[in-house]
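Survey of secondary and tertiary structure
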Amino acid sequence: MLLKSIQAGAIAASLLASPVVFAQKADSPQSKKDVIAKILKIQQPAIEALTMGVLSRPVNELAAKAAPALRNVPEAKREATAKQIDADLRKFLEDNAKPLVDKGMKLAPSTMGVALDEKFTEDELKQLLAWLESPVSKKFAESSQELQSLYTKKLIDDNGKQLDEKFTALQQNVAKQLGLEAGPAPAASAPKPAAKPAPTPKK
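To keep things clear, this report deals only with the structure shown in the data block. (Residues numbered from 1 in each chain as written. Predicted model: local features only at pLDDT ≥ 70, side-chain atom pairs only at ≥ 80, totals over all residues. Heavy atoms only, no water.)

A few words on the overall build of the protein chain. Across its full length, the protein chain holds six helices and zero strands. If you list the helices and strands of the protein chain from N to C, you get α-α-α-α-α-α. Expressed as a percentage of the 203 residues in the protein chain, the buried residues total 30%. Split by element, the accessible area of the protein chain, about 13500 Å² in all, is 59% carbon and sulfur. (Helix = DSSP H or I, 4+ residues; strand = E, 2+ residues; numbered from the N terminus. Buried < 20%, exposed > 50% of the residue type's maximum accessible area, 1.4 Å probe, protein only. Areas by Shrake-Rupley, 256 points an atom, 1.4 Å probe, with all protein chains shown as cover.)

To continue, consider the nonpolar core. A general feature of soluble globular proteins is that nonpolar side chains tend to end up buried together. Counting 19 residues, the largest nonpolar core has Ile39, Leu116 and Leu125 as the members making the most contacts within it. Ranked by residues supplied to this core, first place goes to helix 4 (residues 75-119) with seven residues. Contact partners of Leu125, with chain neighbours within four places excluded, come to Lys32, Val35, Ile36, Ile39, Leu116 and Phe120. (Core = buried A, V, L, I, M, F, W, Y, C linked by side-chain atoms within 4.5 Å. Contact = heavy atoms within 4.5 Å.)

For the rest of this paragraph, the subject is the pattern of salt bridges. Applying the stated criterion to the full structure yields eight salt bridges. Of the charged contacts in the structure, one is a salt bridge between Lys32 and Asp117, with a shortest N-O distance of 2.9 Å. Taken as a pair, Lys32 in helix 2 (residues 30-42) and Asp117 in helix 4 lie far apart in primary sequence, 85 residues in all. Overall, Lys32 belongs to the buried group, its relative accessible area being 10%. You can call Asp117 buried: its relative accessible area is 2%. (Salt bridge = Lys/Arg side-chain N within 4 Å of Asp/Glu carboxyl O.)

Put into C-alpha cells, the structure is as follows:
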C-alpha cells in the first residue's frame, strides 16, 4: 500500500466554499461546520494517501502477477519487457492519480464530513482539532511513514525467508492438484521485477 501524499493546496482551499459541504446536515450550526472543514483540511494528506491506495492497490497486484509470468518471456527480452511493464504501470498511476485525488477531495465533505458531524459534538470536534493542530500531532504525522517503513522492513527481514518457503510449498501443492508444473515462487523478501514503488505523481 502506497502512502505517498500529493500536494494539492487549491483543492483543500475549495473545501470551505464547496456547495455540497454537509448537505445532509443542514441543521448543524455554522460554527460546527467550520470546525469540520478545518479538520478535513488538516487531514488532506491522509485522505490523498487513502485515495492513492485505492488506485495503486490493483496496480501493485497486477505487478505481482506479472513478475512470475516474466519467466515465460525469452531471457533475451526479459529485462526489456520488465522495464516496459514497469513504465506502463507508472504511467497509469501518473495519468490517473491527480484526477482521482481531485474527485476524492470533493467527496470528503459529503462523506467524512457528514460522518464527523453525526458522530461528534461540536465540543468533541474542537478537542480533536486542537490535537490535530498541536506540535506533537504534527510531529507524529511526519514520522508515521518512517515508523511504517521500519516496521515493514523488520517484518520482512525476520519472516520473509520462512514465508517464501511456505508459499513455495503452497504453490507446488496447488500446481500438483491442477496437473501443472510449478516454477519457483516469487520471493516475498526480494523486490519483484515489475512491482517497484509507484512514483509520486507530479502536481
